[in-house]
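Topology and contacts: notes
Each chain, written out:
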Amino acid sequence: MQFMLLFSRQGKLRLQKWYVPLSDKERKKISRDLVQTILARKPKMCSFLEWRDLKIVYKRYASLYFCCAVEDQDNELITLEIIHRYVELLDKYFGSVCELDIIFNFEKAYFILDEFLLGGEAQETSKKNVLKAIEQADLLQEEAEVPRSVLEEIGLT
Amino acid sequence: MSDVVEKTLTALPGLLSLDSQPGSNKLSSNSKLRNLIRGITELTSKHEEEKLIQRELTSIKEQVSSPNTSMRQMKELMVRAIYCEMLGYEASFSYIHAIKLAQQGTALEKRVGYLAVSLFLNESHELLLLLVNTVLKDLQSTNLIEVCMALTVVGQMFPKDMIPAILPLVEEKLNHPKEIIRRKAVLALYKFYLIAPNQVQHIHNKFRKALCDKDPGVMTASLHIYLQLIEENPEGYKDLTTSFVTILKQVVGGKLPMDFNYHSVPAPWLQIQLLRILCLLGKNDQSTSEIMYEVLDESLRRAEINHNITYAILFECVKCIYTIHPKSELLEKAAKCIGNFVLSPKINLKYLGLKALTYVVQQDPKLALQHQMTIIECLDHPDLIIKRETLELLFRITNAQNVTVIVDKMLEFLRINKDDYTTIDLVGKTMSTVFSVGGDTMQPDIPNSFLKLLSEGFDSVEEDRKLRLFAVDSYVSLLQGEPGKLPQRFLQVISWVLGEYSCLRADLEVDTVLRLLAKLLDMKTTSSETKSWVLMAMTKLCEGGAGVSVARGVSETYSSSLDTVLRQRAQELQHLSQDPELRARVLPRHTGLEPLEVDSSLSFLDGFVSEALAAGAAPYKPPHQRQEELAQAKSLSLEPYGLSLPLSMSSCSITDRQSPTLLSISSGLSGNSNDLSHKGGSSSLRLDGVKRVWGREGYLAQREPAEESAHVEVPSTLRSPSQQGRADGSHSQTPTHTPTPELEKQQLASSLFVGLGSHSSVCLMGKSEPTPQRFRRKARSPASSSGASENISHSLVSPPITVDTLVCNNLLDSHITSEPDVSPLEQTPPLSQGLAAANGSCDEELPDSDVKGSSPSLIGDDALVAADPAPHEEPPKDLLLSSYLPAELSGLSHSEITPLSSDQSLDLSACHVQKEGDLVLVVFIYNSSDSDIQQILLELDSEELEVSCECDGAVGGARGHSVAVCQYSLSVKRPSVHVELVGTVSYQFPVGTPQSGQFSYKLPLSSFIRPLTLSTEEYGTMWLDFSHDTKQNLTLISDDPEPLAASLSVLKNKLQLHVVEIIGMEGIVACRLLQDQPCLMHCRLHAGTLAVWLRSPVPDLPDCLMYFCQRALQEH
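One structure accompanies this document, and this report is about it. (Residues numbered from 1 in each chain as written. Chains lettered and ligands numbered in written order. Predicted model: local features only at pLDDT ≥ 70, side-chain atom pairs only at ≥ 80, totals over all residues. Heavy atoms only, no water.)

1. Regarding the overall build of chain A
Along its length, chain A carries 5 helices and 7 strands. Reading the helices (α) and strands (β) of chain A from amino to carboxyl end gives β-β-α-β-β-β-α-α-α-β-β-α. Going through the 157 residues of chain A one by one, you find that 66% of them count as buried. For chain A, contacts bridging at least 24 residues in sequence account for 49% of all contacts bridging at least 6. Counting every atom, chain A has about 5800 Å² of accessible surface; 53% of that belongs to carbon and sulfur. (Helix = DSSP H or I, 4+ residues; strand = E, 2+ residues; numbered from the N terminus. Buried < 20%, exposed > 50% of the residue type's maximum accessible area, 1.4 Å probe, protein only. Contact = heavy atoms within 4.5 Å. Areas by Shrake-Rupley, 256 points an atom, 1.4 Å probe, with all protein chains shown as cover.)

This is how it looks when you write it as structure tokens:
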């Protein structure tokens, strides 16, 4: 996989993950072009796009579009299922995920993505294992967080 | 996830006011980020957003550089910086702080720090070097989470040069007790392999260990590496085939933990990865392929759930099966699979089906044939992606026969396509090949439109330039190869392109191009038309020193050419190459394509014309006028042949009136287009003019079926069962209102897929039915009841002579008029049909010494002896006569028996019987006299009908007071509302003068109408083929709730029409005129009437049928 983009129906980028080295300018151009192209497509249309020399696989979940770029020889359907599995993971983690969860906690969405895909390849496809890894890291975070935030509140407020 | 509650931004303000969000209580509240997001959503303009973000960034910048900022705050700031970057605002000042956060933070801050680094930087960023130490430290940490974080970031990006620094640590992690660490380590190594393969060469054996890891996750991760390794060097890993097959077998067999199931499919990602590996290993390797046949078969079998993931696996399986050494059994299953994809109503699957077809079509073109109708549908799909993929598929099956149609389709696509990248790809990839495959068979407008496309270009100047450069490059390399093999048209295109655009390529020397072009001129195969294109191109190019000398040489050679055009061009070249100023004026460079003003009325020639006219020249006639005159001359000479030509269904070719696109397609296909034939005497008309007839209606386009394979194809493909099934299926989803588009598709299909079958183009589907004629009478099955007796009668009519005499002897001996084993009918004393004829010929012909010469008439005596004088009787009544109907006709409905003529000794009556495939006229001859009549001759003739009689007009004899029956089979020669037969009867008593009488018999054309059973698709195909039509509004049966259905059922019952389908306000009906001439009817409810449109290949038939329809509806 070359990159993954999440954007809203209004065309606002919600998450971007690039697995190929590209300059900032290129990234911006690609995401702008793609968002435009995909938003212009009708709901009944094919989930696959040929775009430049890439294959774009996208799917809309509620108000969010998930879009992945893969190479031409890659399997489009499995990419579609990668998207779906990612959504499942988000759903499980946030509990009935919605766009707002991803807007406000986008770093969590990134963490989940990084446990699921690594370097553009599916790293762990077992839902249980991915979530276990995330939970463990979160646990660490919370342990550290509780005393600190108390201190902080005292110190700051 | 479809159950995700849609919470759109419209709900945002309300939610923002809440302190905690539902379902996210475990998330830390990051109030500043929250404020930022809220602030942005409240803004209305982009400008305001910009201002807000800039303010935000300034504040972040201040805080991150402040020494008092805690790591905890830093984490928050980083998150906000990531957010700003995501919105498209640069926050590069924060990059270094992200690294610092990863370095100095504790677990949670570190995590955000690493995330920020991986999002901000790419692997070539120099700041990444600062991360190396942090990673090193974390890899050695005792905290597993920290090790994981380090491996995660390494798996995404790491400076190439620093790999050796951490490689030992990562390698070490391959033995880590935790599978998550092992897995991440494997993926990190995979990343290293991708960016610096030689750095990890020494640890290939460790990959094998990972492959054998007891944790499926680690094993799966190792497959990424193997896929890459095997792709580069399949030979090196053949020994692993068995292992991969075993793994796949276990996975497919459900041996993995349930955790790895995805929608109850075991580890689909793993399966697909393995299939891709097997595909690489088995390619061009029979023995390796054999190892995997079994597991592939099993994978196909197991993938049965109707879910995307199953299809993903199937798709990979199919790809694999078609890549490895073929096994017919598997190929068959894979082909079926592809069929499921292609026919799927789900657009994604359809797309993959097309992709799979594209992949396999070169090996198995028949597969494309099987799905030709779907492909045609996809060609007109509203989704450009589907269209594009279809074109890709077509591109793969391009051959000399279908190139025209395919290129047409591609150009059509290019015209509507907006995406420049696709355009360049498509044009570049296809045009060259297409030109070289079928260059000379193309219509001239295709290269023209290509050149137009090239010169007019698209919206973007840059893309134009790229496309033109691409063309120049590829054409120069083509010319450097073997230009002699290229078609002339292509050479012309090449010359033009080089002449126009070779200056775009700065490093291309003009004289190189000129020399290449000059080489074309020297080739023997180059036509003079091409040569003139080449000279034109050279004229555009010759600039400067070297060019001029080449040009001079060429122009000298050709200025003495016999070809005037070439001479002209050579002169131009000569003059322009020597006079740069003039050249610059005539052929200005870099002007682009400015519209030229063309004086289309050629007014500047007025003077010349009037001079010429004054000098006695003939005035100009436009081409169509000339052709009309020519055509008229031709029609006279063709008239005598017209009547003798049989008029059969398949003989009518496409005389289309509705679809212009269709015309061009068919013309492209057959090379002698019918649209030309409409115009009159073109050259193509002359070519097959023998088969054309100038009829009363204009040109009747007629062809012998066998000679026009292209046109036979359409029906033959139509009737293939699989095709039919599919067509029916699709029809149920999208009921076609009028069958026209369906037909167009059929036509298109036949022209696209021509030449794809293994050998014959007639049988495209590879399984056409034995009878190519759609309207041939059904073969009579001997088992059917009527068939049985017919067989008997037939054998009696024309048996070999020995049998004949045997029968005669038999008859003589027993004096029974029939054979004992010919069931009930022969018990009736009067001779029945066939028997009568047969008997007649042996019983009575012999004594007819006038004809046959004198022989002692044994039989005659016998007959005389047998004569049974009886008292004079009234001629048999209708009812009685009907009992004389031949047995095989007695069950069928017959018309009223009407008297034809009568004199003192003979009474003639007749009726007609409608059989399914025939109309039989039965003539009853009652001999009312006492004496026997030896020989009765009936002659029937008709202008409109073809009369055939099995007894050659010789009825034979009739004994006194008995009835002889004669049967005639009638078919319509020329339709008329009523058809009439004129007959003569002549007979002679043994003693006395010959007698004769005349009679006539009239019957309506409707008696010859039979239902024609066909499908809507077939109807559609035929509809446009028919040239004769009539339209009329008829009375509707309005007292029925469903007037259309009621009217059609009246027509069906009264006229024996077949109602093909009723779709809403429209109905389509078909019938045939005996023997095999179809007539199609299209009805539509229109303003309280029934608008009827009839079409047929037979002149007058529609009019006659209209009359009967009108009558039928009025009488109702």
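2. Re the sheet that holds strand β1 (residues 3–8) of chain A
All names here are of chain A. Taken together, the 5 strands give an open sheet; going across it, the order is β2-β1-β5-β4-β3, and neighbouring strands pair in antiparallel fashion. With one partner strand each, in any of the chains shown, β2 (13–18) and β3 (48–51) form the two edges of the open sheet. Each neighbouring strand pair of the sheet contributes to a mean axis angle of 20°, computed without reference to strand direction. Across 5 bridges, β1 lies against β2 in antiparallel orientation. Each bridged residue has a counterpart across the sheet, and for Met 4 the counterpart in β2 is Lys 17. (Pairing = 2+ DSSP bridges. Axes fitted to C-alpha atoms, helices over the stretch in contact; angles between N-to-C directions.)

3. Points about the side chain of Lys 531 of chain B
All names here are of chain B. With respect to the helices and strands, Lys 531 occurs in helix α28 (residues 528–541). Residue Lys 531 is classed as buried on the basis of its relative accessible area, which comes to 15%. The residues touching Lys 531, leaving out its near neighbours within four places in the chain, are Leu 521, Met 523, Thr 526, Tyr 558 and Leu 566.

4. Overview of the nonpolar core
Where a protein is soluble and globular, its nonpolar side chains tend to be buried together. Tyr 86 of chain A together with Phe 244 of chain B are the most contacted members of the largest nonpolar core, which has 222 residues in total. When near neighbours in sequence (up to four residues on either side) are disregarded, Phe 244 of chain B contacts Leu 211, Leu 223, Tyr 226, Ile 230, Leu 274, Ile 277, Leu 278 and Leu 281 of chain B. Grouped together as the second largest cluster of nonpolar side chains are 60 residues, Cys 1071, Leu 1074, Met 1081 and Cys 1109 of chain B included. (Core = buried A, V, L, I, M, F, W, Y, C linked by side-chain atoms within 4.5 Å.)

5. Regarding the interface of chain A and chain B
The partner chain B presents 87 residues to the 87 residues of chain A that form the contact. Here chain A meets chain B over a buried area of about 7900 Å², counting both sides, of which 56% is carbon and sulfur. Considering only the side of chain A, the residues that lose the most area to chain B are Glu 50, Leu 77 and Phe 104 of chain A, jointly responsible for 9% of the buried surface there. Where chain A packs against chain B, one counts 8 salt bridges. Of the charged contacts in the structure, one is a salt bridge between Arg 276 of chain B and Asp 74 of chain A, with a shortest N-O distance of 3.1 Å. Counting across the chain A and chain B interface gives 26 residue pairs in polar contact (both at pLDDT 80 or more). (Buried area = accessible area lost by both parts, 1.4 Å probe. Salt bridge = Lys/Arg side-chain N within 4 Å of Asp/Glu carboxyl O. Polar contact = N/O pair within 3.5 Å; in protein donor to acceptor, adjacent residues only side chain to side chain.)

6. Some remarks on a nonpolar patch on the surface
Residue and element names in this part refer to chain B. Taken together, the side chains of Leu 602, Phe 604, Leu 605, Phe 608, Val 609 and Leu 613 make up a nonpolar region of the molecular surface, amounting to roughly 590 Å² of accessible area. Of note, Leu 602 is situated in the loop between α31 (580–586) and α32 (606–614). Its relative accessible area of 42% is what places Leu 602 among the partly exposed residues. (Patch = residues over 30% accessible without salt bridge, like charges linked within 9 Å, V, L, I, M, F, W, Y side chains within 5 Å.)

7. Some points on the environment of Glu 99 of chain A
Residues and elements named next belong to chain A. Position of Glu 99 relative to the elements: it lies in helix α3 (residues 99–104). Overall, Glu 99 belongs to the buried group, its relative accessible area being 4%. Expressed as a C-alpha distance, the spacing of Glu 99 and Ala 62, which sit 37 residues apart in the sequence, is 8.2 Å. Within the local environment of Glu 99, its side chain forms a polar contact with the side chain of Ser 63, the two groups lying 2.6 Å apart.

8. Points about the environment of Leu 566 of chain B
All names here are of chain B. Residue placement: Leu 566 occurs in helix α30 (residues 564–578). Along the primary structure Leu 566 and Val 534 are separated by 32 residues, whereas in three dimensions their C-alpha atoms are 9.9 Å apart. Beyond its immediate sequence surroundings of up to four residues, Leu 566 is in contact with Ser 528, Lys 531, Ser 532, Leu 535, Tyr 558 and Ser 561.

9. Points about the packing of aromatic side chains
Applying the stated criterion across every chain yields a total of 18 aromatic pairs over all chains. Between the aromatic rings of Tyr 311 of chain B and Phe 341 of chain B, the centroid separation amounts to 5.5 Å while the plane-to-plane angle is 70°, which identifies the pairing as edge-to-face. Here Tyr 311 of chain B, found in helix α16 (residues 308–323), pairs with Phe 341 of chain B, found in helix α17 (residues 328–343); they are 30 residues apart in sequence, far enough to count as distant. Accessibility assignment for this pair places Tyr 311 of chain B and Phe 341 of chain B in one class, buried. Members of the aromatic cluster, joined through ring pairs, are Tyr 61, Phe 66 and Tyr 86 of chain A. Lying across the ring of Phe 104 of chain A, Arg 34 of chain B places its NZ or CZ 4.9 Å from the centre. In this arrangement the basic side chain of Lys 319 of chain B is found over the ring face of Tyr 359 of chain B, its NZ or CZ atom lying 5.8 Å from the centre. (Phe/Tyr/Trp six-rings, centres within 6.5 Å; stacked < 30°, edge-to-face > 60°. Lys NZ or Arg CZ within 6 Å of the ring centre and 35° of its normal.)

10. Regarding the environment of Asp 941 of chain B
Residue and element names in this part refer to chain B. By the secondary structure assignment, Asp 941 is in strand β8 (residues 933–941). Accessibility expressed as a relative area gives 52% for Asp 941, which makes it exposed. Remark: the alpha-carbon pair of Asp 941 and Ser 1000, spanning 59 residues in sequence, is separated by 9.4 Å.

11. Digging into the packing of helix α12 (residues 216–232) of chain B against helix α14 (residues 268–282) of chain B
Two measures define how a pair of helices packs: the angle their axes make with one another and the distance between the axes. All names here are of chain B. At a closest axis distance of 10 Å, the pairing of α12 and α14 adopts a crossing angle of 25°. Regarding the angle of α12 to α14, the classification is roughly parallel. As α12 runs across α14, the sense of the crossing is left-handed. Packed against α12, whose contacting residues are Met 219, Thr 220, Leu 223, His 224, Tyr 226, Leu 227, Ile 230 and Glu 231, the element α14 presents Leu 270, Gln 273, Leu 274, Arg 276, Ile 277, Leu 280 and Leu 281 at the interface. (Parallel < 35°, antiparallel > 145°, perpendicular 65-115°, else oblique. Left-handed = near helix turned anticlockwise from the far one by under 90°.)

12. Brief notes about the sheet that holds strand β11 (residues 963–972) of chain B
All names here are of chain B. Taking strand neighbours across the sheet as the criterion, the 5 strands line up as β5-β6-β7-β11-β9 in an open arrangement whose pairing is antiparallel. Across the chains shown, the open sheet's two edge strands, defined by having one partner strand only, are β5 (898–902) and β9 (945–949). Each neighbouring strand pair of the sheet contributes to a mean axis angle of 30°, computed without reference to strand direction. Both β9 and β11 contribute to a ladder of 5 bridges, which runs antiparallel.

13. Comments concerning the side chain of Glu 50 of chain A
The topology assignment puts Glu 50 of chain A in strand β3. We classify Glu 50 of chain A as buried; its relative accessible area is 17%. Reaching out from Glu 50 of chain A, the side chain makes a polar contact with the side chain of Tyr 351 of chain B at a distance of 2.7 Å.

14. Observations regarding the state of the cysteines
Residue and element names in this part refer to chain B. Inspection of the entire model under this criterion finds 0 disulfides over all chains. Left without a disulfide partner, Cys 317 is nearest to the cysteine sulfur of Cys 320, which lies 7.0 Å away. Under the relative-accessibility criterion, Cys 317 is labelled buried at 0%. (Disulfide = S-S within 2.5 Å.)

15. Some words on the pairing of strand β6 (residues 906–914) of chain B
Residue and element names in this part refer to chain B. Within β6, 8 of the 9 residues are buried, which leaves the element mostly enclosed by the surrounding structure. In this sheet, β6 lies alongside β5 in antiparallel orientation, the contact comprising 4 bridges. From the neighbouring strand, Ser 901 faces β6, where its bridge partner is Leu 908. Here β5 hands over to β6 after 3 residues, the two strands then running antiparallel side by side. Here β6 runs beside strand β7 (residues 919–927); their pairing, made up of 9 bridges, is antiparallel. Directly across from Cys 911, in β7, lies its bridge partner Val 922. From the end of β6 to the start of β7, which pair antiparallel, there are 4 residues.

16. Things to note about the pairing of strand β18 (residues 1077–1086) of chain B
For a regular strand, side chains alternate in direction, first toward one face of the sheet and then toward the other. All names here are of chain B. Across the 10 residues of β18, 7 count as buried, placing the element largely inside the fold. Note that strand β17 (residues 1066–1073) and β18 share 8 bridges and pair antiparallel. Residue pairing for β18: Glu 1066 is matched across the bridge by Arg 1084. In textbook terms, the turn of a hairpin is the stretch between consecutive antiparallel strands, and for β17 and β18 this stretch comprises 3 residues. Between β18 and strand β19 (residues 1089–1096), which pair antiparallel one after the other, the connecting turn spans 2 residues, and Ala 1087 there sits at a positive phi close to 45°.

17. As for the pattern of salt bridges
Evaluated as defined, the whole model comprises 33 salt bridges over all chains. Residues Lys 184 of chain B and Glu 115 of chain A are paired through a salt bridge, measuring 3.1 Å at the closest nitrogen-oxygen approach. A residue pair is termed interchain when its members come from two chains, as with Lys 184 of chain B in helix α10 (residues 179–195) and Glu 115 of chain A in helix α4 (residues 106–116). On the basis of relative accessibility, which here comes to 12%, the residue Glu 115 of chain A falls in the buried class. Several salt bridges share partner residues, and in doing so they unite Lys 55, Asp 72 and Glu 76 of chain A together with Lys 355 of chain B into one network.

18. Re the packing of helix α2 (residues 76–94) of chain A against α4 of chain A
All names here are of chain A. Two elements in contact, α2 and α4, have axes whose closest approach is 10 Å; the angle formed by their N-to-C orientations is 130°. Between α2 and α4, the crossing angle belongs to the class labelled oblique. Every pair of crossing elements has a handedness; the one defined by α2 and α4 is right-handed. When α2 is examined against α4, the residues Ile 82, Arg 85, Tyr 86, Leu 89, Leu 90, Tyr 93 and Phe 94 are found in contact with a partner set consisting of Lys 108, Ala 109, Tyr 110, Ile 112, Leu 113 and Phe 116. Classifying every residue of the contact of α2 with α4 gives 11 nonpolar, no polar and 2 charged. (Nonpolar A, V, L, I, M, F, W, Y, C, P; charged D, E, K, R; others polar.)

The quantities given are spatial measurements derived from coordinates; they are silent on function.
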